Amino acid sequence: MKTFIQNINKYLVERYPNIWNIKLVWVISVSLLFHIIFFLLGMAGLSNPESLHSYNAEDVFFNSGAIFFNVILSILIAVIWLVYLLKNNAFKAFYPTKRLDLFKQFCCYFIAIFCCSSFYLSYSTGLKTYIKNTYPDQKMVGYITTANDASLFLTHSISNYTIDNKRFPDFYFDNYCETNEDLIDYKKTYYSTFEFDYQFYNVKSEDVLYSQLNRTDSNDKRYNVDDVIEANSYSGFLHKKKKDSLTITYYYKDSVLNARSFLKTLEPSYYNYAETFYTNNDLKNDYSQDVVTKYYSTNKRNQTYKNYTKERYLRSKKNTTLLDRNNPIEIKSVLNNFLEVSKLFKIKNNLNTDKWFDLIYNPTNFEITNIINTQKPRDYNYSSIKELTLSEKFAKKHKTKYYLESEKLKKVFINIDDIKESTPVLEGLHVFAWLAFGCSLLIFMFRVTDLKTLLFSIVTTGIVTLLFTLLMFLIFYVFRANNTEEEYTVSYIGLLVSALILSVPLFFYKNLKKIIVGICLNISLAGFLPFLLLIIVIISIHQDDYYRDIYTKYSEHPDTLIESLGILWSPVFLIIGFIFIYLYSGIIKKWKALPEG
Amino acid sequence: MTLKEQRISEVKTFLINKDLVLGYRKLMDCGIDTQNLSIFESLIKLTDWKEQNPTEETLIIEKSIEILKTIEATPIKNYSNLEPIISCSNLEKSYGKNRFKLGPISLDIKKGQVYGLVGENGNGKTTLLRILAKELSFNSGKVHYNFSANLKNNYNLRSKLVYIPQRTEKWYGSLKDNLKFVLSSYGVSEKENETRVLMMIARMGLWNYKHLKWRELSSGYKMRFELARTLLRQPEVLLLDEPLANLDVLAQQIILEDLKSICNSLSHPIALILSSQQLYEVEKVSDNVIFLKNGKYKDNTSNSEDKETQQLIIELDSDTERHVLETVFEPLQLEKLLFNGGIYIGYFNKTTSFSSILKALGEQNIKVTYVRDISYSTRRFFV
């Protein structure tokens, strides 16, 4: 092993002196080893399905202590590396160094820091790989379908089993069931069970042109079209949706219907259940292929009407047909499959197929006779002083000692999908790239200047910031500037101060003491990107003001420079940062050659 | 007889007379002068064999003479530019009002010459070295550099001005790797790198230390390493600040002799300026001695008009009482006898000869530990 290391070192020192001196190969090798370890840790992170029972299981890196392991390890590797790195300095010894050599050195620091700090990326990749391999999409669709089919029999609460939930046959989907007692016309036919009343209505629609809407607020440019619609709605509608750019369709309750011929029972019944236990994008796409197209929308703004979705229609239809077949073997199979899935994901329950079947099987309209708990019932009961409603009394009466923690299964499905859809490497890449950029910049500054200059640079930055703040404070209190003026004053004085500091190493390096130029050089290295950002912000402020004068509506503004950059700011600034270091290396060389005193 | 022939004959004489240590070092210097890699390889091979068979003196000499013949047959391109590589005129540096001021100093530094920079502490030796190395700015005067290569910018100029400060920095890795790092930083190919580094290791007597690390080397060998590292850069000017500090007497002599010999290279002479407190040793190897007192410059060769040089000045270490010495020296036109607590400094009329003083001391049976004529040594300024 020693010979191997010596051979590698010999090869590097003869051909790539900078890489040898920076120990890049060894930092990468050690980091790679730990990346593999972290990848394996990630693979094991969620190997116990119980770890998927709580929300945000993908954050296991932060909750399991792996983050501390990562931080400590990164610091250790970085410190040991720096101890060796800081001993030989070819640039300081005035060995021939080209601009490109300095830039390559910076890149090496960047790679070294990035490698030894980004173990999170390997951990997350391990986590995702494990989940993808253990729970492939095909299998998951099967599990979810099983859960959706059986969720009908998870009688946790009667609210999902009342008649207003029913969406099949078409009568329950095409028409609207009013449950709000203030909106029920008690003079006409309505139905009651427990403390609830129901009234069925026809639904009619009306197209309204935007131009017909009262647009009293339209002069306010901060309002967008949707806000205008919201503020000017015709009262009493169930639901509205944008038909095209000119028209909105409003849906209203029409005449009361007599549902007697469709109603088998008003008691809570499995026939009424239309919930979907869990759905994800893959399953939603399956629904969208269905021919059922109604005027209903999933627009969540209209809470009263949100339940009239084709998803609920299909689920209700499937449940109804299953119950209509009334085949105990088939039902038992559904229950058994669900219990198998529960076992796989270690979902706690005290049910077995037969017992569960006994609890739910009631061929007389499949009315609810037993309630299953969502968690293990306690041995004692709190006595409530509140008087129970009829439905609560019913639920209490039919409550059993059986339980199944179905919510946890739902969380498992959510977690698995979240992890599969997550892009931790892409997201983390930005964070770690900037972390590495910042740290490597600091090391680079230390290597090309020295500790004294670096420390003075930090102190000077603090003093300049303090003076700048005091100056701003003074200006605003003396001249009482308004908000817009504040923006401009701060930006332009900031720009002026930054430009002054940046200009010192560029134009005045021969006229000032080396230490002063060195301080400005370090501040320039660290401050160039913020300086660039400041310029972009100033341009954007000007653009924004200009657009305000031209456009009446905020939404019609073209994007300002900073807005058009969007999420791209990160890679764009990083690339500019690298280019800057390369170009600035020439200035660094000039500074280095200056005599002291 | 050309200079090359003279040197080769000198080496041959050393070897025949079995002055192996000196002869072998001079042999390597002749070999380095050729800049021929196959000669380097022969010398490396011989050094390796020599270190493994230290008792085989006769064989070593035979093999050395064989290589010497090859060297003799290899042409050497003599360096012929006699222009000063650094010229400075009226150089002045002040650290502020009423504070230390160096200069005015005017100097010409030539390649192949050794310049000893001497003076008491705080008299500006390091300041002058740092100014010449462009490490420190100066207030007035001019410094002109005349390097053979066309230097595009100040960084390149500074990479030519090799300055070794008193305190050298710690390094990482093995001695050999660090020397290789220098050459690969200078763009030398891997094949040539190995050969040149081993040649330098052999020349600087670091053969058995080449795999050691910084912490495993003594101060003397650290200095040898620094010199090896510096010489690999093939400098035209070498500025050494107190290179003899922390070295024992023998190590000082060897290093100075090595430096003198390397700087006098036929093909690649170096202008060497070294500051030191070791007057005797430095004067011995220096072609010029620059003495600094209170920032003022005294050139040992250019002060013939100095009143002091018109006297015979001796340095004497003896337990004999002052009045006894005064009696002994009275007939020899003693003008002044100073005693600094340990050593006597005697000033005589210029007509008095040093031998007459030795004779008088001998006749009077005076017990003398040490006596030296310092009439032309900068030692006379340190009184």
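Now for a look at the structure at hand. (Residues numbered from 1 in each chain as written. Chains lettered and ligands numbered in written order. Predicted model: local features only at pLDDT ≥ 70, side-chain atom pairs only at ≥ 80, totals over all residues.)

Structural notes on the overall build of chain B
A tally of helices and strands in chain B yields 13 helices and 13 strands. Its C-alpha radius of gyration of 23 Å places chain B within 12% of the 21 Å reference for a compact globule of 383 residues. The buried share among the 383 residues of chain B stands at 39%. Within chain B, contacts between residues separated by at least 24 positions form 74% of all contacts whose residues are at least 6 apart in sequence. (Helix = DSSP H or I, 4+ residues; strand = E, 2+ residues; numbered from the N terminus. Rg over C-alpha atoms; globule rule 2.2 N^0.38 Å. Buried ≥ 20, exposed ≤ 12 C-beta atoms within 10 Å, placed from the backbone. Contact = placed C-beta atoms within 7 Å.)

A few points about the interface of chain B and chain A
Listed per partner, the contact involves 21 residues of chain B and 21 residues of chain A. Top contributing element to the side of chain B that touches chain A by residue count: helix α7 (residues 175-185) of chain B, with 6 residues. For the side of chain B that touches chain A, the per-class residue count stands at 7 nonpolar, 7 polar and 7 charged. (Nonpolar A, V, L, I, M, F, W, Y, C, P; charged D, E, K, R; others polar.)

Digging into the sheet that holds strand β10 (residues 312-318) of chain B
All names here are of chain B. Sheet architecture is open: 4 strands sit in the order β11-β12-β10-β13, paired in antiparallel fashion. Only two strands of the sheet have a single partner each, and these edge strands are β11 (334-339) and β13 (368-373). Along the sheet, successive strands turn relative to each other by an average axial angle of 20°, direction set aside. For β10 and β13, the ladder comprises 5 bridges, and the chain directions are antiparallel. Its bridge partner lying in β13, Ile314 is registered against Asp373. (Pairing = 2+ DSSP bridges. Axes fitted to C-alpha atoms, helices over the stretch in contact; angles between N-to-C directions.)

As for the packing of helix α2 (residues 20-34) of chain B against helix α10 (residues 249-263) of chain B
Residues and elements named next belong to chain B. Packing of α2 against α10 brings their axes to within 10 Å, and their N-to-C directions diverge by 25°. Here α2 lies roughly parallel to α10, going by the angle between them. Crossing geometry of α2 relative to α10 is assigned as right-handed. Counted together, Arg25, Lys26 and Asp29 of α2 and Asp258, Ser261 and Ile262 of α10 form the full contact between these two elements. Considered class by class, the residues forming the contact of α2 with α10 number 1 nonpolar, 1 polar and 4 charged. (Parallel < 35°, antiparallel > 145°, perpendicular 65-115°, else oblique. Left-handed = near helix turned anticlockwise from the far one by under 90°.)

Points about the pairing of strand β3 (residues 196-209) of chain A
Residues and elements named next belong to chain A. Summarising the sheet, strand β1 (residues 176-178) and β3 pair through 3 bridges and their orientation is antiparallel. Pairing of Tyr176 across the sheet is with Tyr201, part of β3. Looking at chain direction, strand β2 (residues 191-193) and β3 are connected through 3 bridges and run antiparallel. From the neighbouring strand, Ser192 faces β3, where its bridge partner is Asp197. Hairpin connection between β2 and β3: a loop of 2 residues separates the two successive antiparallel strands, and Phe194 in this loop has a positive phi of roughly 45°.

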